[in-house]
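Coordinates in review
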Amino acid sequence: MHSVKRGIRRIGPVPDAAPPTTKVSEPRERLLRTATRLFYEEGIHGVGVDRVLAEAGVTRATMYRHFPGKEALVVAYLEHEDAVIRGLFAAAAEEAAARDATPAELLALVIDGVAQDATRLHTRGCPFINASAEYPDAEGPVRAVVRTHREWFRGTLTELATAAGSPDPAATAASLVLLRDAMLVGGYLDGQDVATDFRATARKVAGLDA
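Residues numbered from 1 in each chain as written. Predicted model: local features only at pLDDT ≥ 70, side-chain atom pairs only at ≥ 80, totals over all residues. Heavy atoms only, no water.

This part covers the nonpolar core. Ranked by internal contacts, the top residues of the largest apolar core, which has 58 residues, are Leu31, Phe39, Leu78, Phe89 and Leu157. For this core, the secondary-structure elements that each account for two or more residues are helix H2 (26–42), helix H3 (49–56), helix H5 (70–99), helix H6 (103–120), helix H7 (127–134), helix H8 (141–163), helix H9 (169–190) and helix H10 (195–205). The leading source of residues in this core is H5, at 11 residues. Not counting the four nearest positions on each side in its chain, Phe39 is found in contact with Ile44, Val47, Val52, Lys70, Leu73, Val74 and Tyr77. (Core = buried A, V, L, I, M, F, W, Y, C linked by side-chain atoms within 4.5 Å. Buried < 20%, exposed > 50% of the residue type's maximum accessible area, 1.4 Å probe, protein only. Helix = DSSP H or I, 4+ residues; strand = E, 2+ residues; numbered from the N terminus. Contact = heavy atoms within 4.5 Å.)

Once that is clear, we can look at a nonpolar patch on the surface. Together, Val185, Tyr188 and Leu189 line one region of the surface with nonpolar side chains, adding up to about 280 Å² of accessible area. Mapping Val185 onto the fold places it in helix H9. (Patch = residues over 30% accessible without salt bridge, like charges linked within 9 Å, V, L, I, M, F, W, Y side chains within 5 Å. Areas by Shrake-Rupley, 256 points an atom, 1.4 Å probe, with all protein chains shown as cover. Salt bridge = Lys/Arg side-chain N within 4 Å of Asp/Glu carboxyl O.)

Further remarks concern empty space enclosed by the protein. Here the structure, examined in full by the defined rule, presents one cavity of 30 Å³ or more. One number sums up the size of the largest cavity: a volume of about 40 Å³. Lining the largest cavity are Val110, Ile111, Val114, Phe153, Leu157, Leu176, Arg180 and Phe198. Where the lining of the largest cavity is concerned, the elements lending two or more residues are H6, H8 and H9. With three residues, H6 is the single largest residue contributor to the lining of the largest cavity. The class makeup of the residues in the lining of the largest cavity is seven nonpolar, no polar and one charged. (1 Å grid on protein atoms, 1.4 Å probe; cavity = no way out; pocket = protein on both sides within 12 Å on 5 of 7 lines; lining within 4 Å. Points joined across faces, edges and corners; volume = space filled by probe spheres on them. Nonpolar A, V, L, I, M, F, W, Y, C, P; charged D, E, K, R; others polar.)

For H8, built from 23 residues, the straight-helix expectation of 33 Å at 1.5 Å per residue is met to within 8% by its first-to-last C-alpha distance of 33 Å. The set of residues buried in H8 consists of Val142, Val145, Val146, His149, Trp152, Phe153, Thr156, Leu157, Leu160 and Ala161. Just downstream of H8 lies Gly165, where phi reads positive at about 90°. (Expected span 1.5 Å × (residues − 1).)

All right, on to the packing of H8 against H9 then. The geometry of H8 relative to H9 is characterised by a closest axis approach of 8 Å and an angle of 130° between their N-to-C directions. It follows from the interaxial angle that H8 and H9 lie oblique. Judged by the twist between their axes, the crossing of H8 over H9 is right-handed. Counting all contacts with H8, which are made through His149, Arg150, Phe153, Arg154, Leu157, Thr158, Ala161 and Thr162, the residues of H9 involved are Pro169, Ala170, Thr172, Ala173, Leu176, Val177, Arg180 and Asp181. In terms of residue class, the contact of H8 with H9 is built from eight nonpolar, four polar and four charged. (Axes fitted to C-alpha atoms, helices over the stretch in contact; angles between N-to-C directions. Parallel < 35°, antiparallel > 145°, perpendicular 65-115°, else oblique. Left-handed = near helix turned anticlockwise from the far one by under 90°.)

Below, the structure is given as C-alpha cells:
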C-alpha cells in the first residue's frame, strides 16, 4: 500500500493559524465572524461597516485597531474562507493517515469533503467567485486573495492526482476545479442538492471508479 505522507505534508496544517502562545483578540474574532456571516449571506457591497460593527458589538475604533478599512476586513474574511477549505483537505489527510489509506483513497476523501462543504457550509455559492464579481479589479488585494486560494486549490489537487496515478494530473485537477465551481454556483441558483452528482462525476474524472 502506497503511503500518503507526502500528500499530508502538502495539504496541512492549515496556514496562518495563531501560535499556541499568541493571545487572540476576542473583539477581532467576533468582528471577523460577523463580517464573514454577513458578507457571505448578503453580499459584501450590500453590507455596510456600521451594520457589521452593530451586530458584532464592536466600536469603530476597535475595528481600526485591527483593520484599516472595509477592504482589509474583506481580505480577512476571504483568508478565513481559504483556511476553512484548507481545513477540509487537512481533515481528509488526517483521516487517510489513520486508515493508512492509498493516495487514491485520499483523493476520494478530499472529493467527499468538498461535496459535503457545499451542503453544510457554502450553500450560497462560492465565496471567492461571489467576491470576485463585486471586486472586478484583478490587481486589487481582494482578487489577490482569490487568486492565491485558487492557485493553492488547483495545485494541491494536481499533487493529489499525481500521487493517485492520474495520467494527466493537471487536466484532472482543472476538471475538478470546474466541477466544484459548477456545484457551488448551480446548487445555489437551482436550490438543489448537487453534491451527489458532483461526487459521482468527480470520481469518474479522477479515475477512482475505473
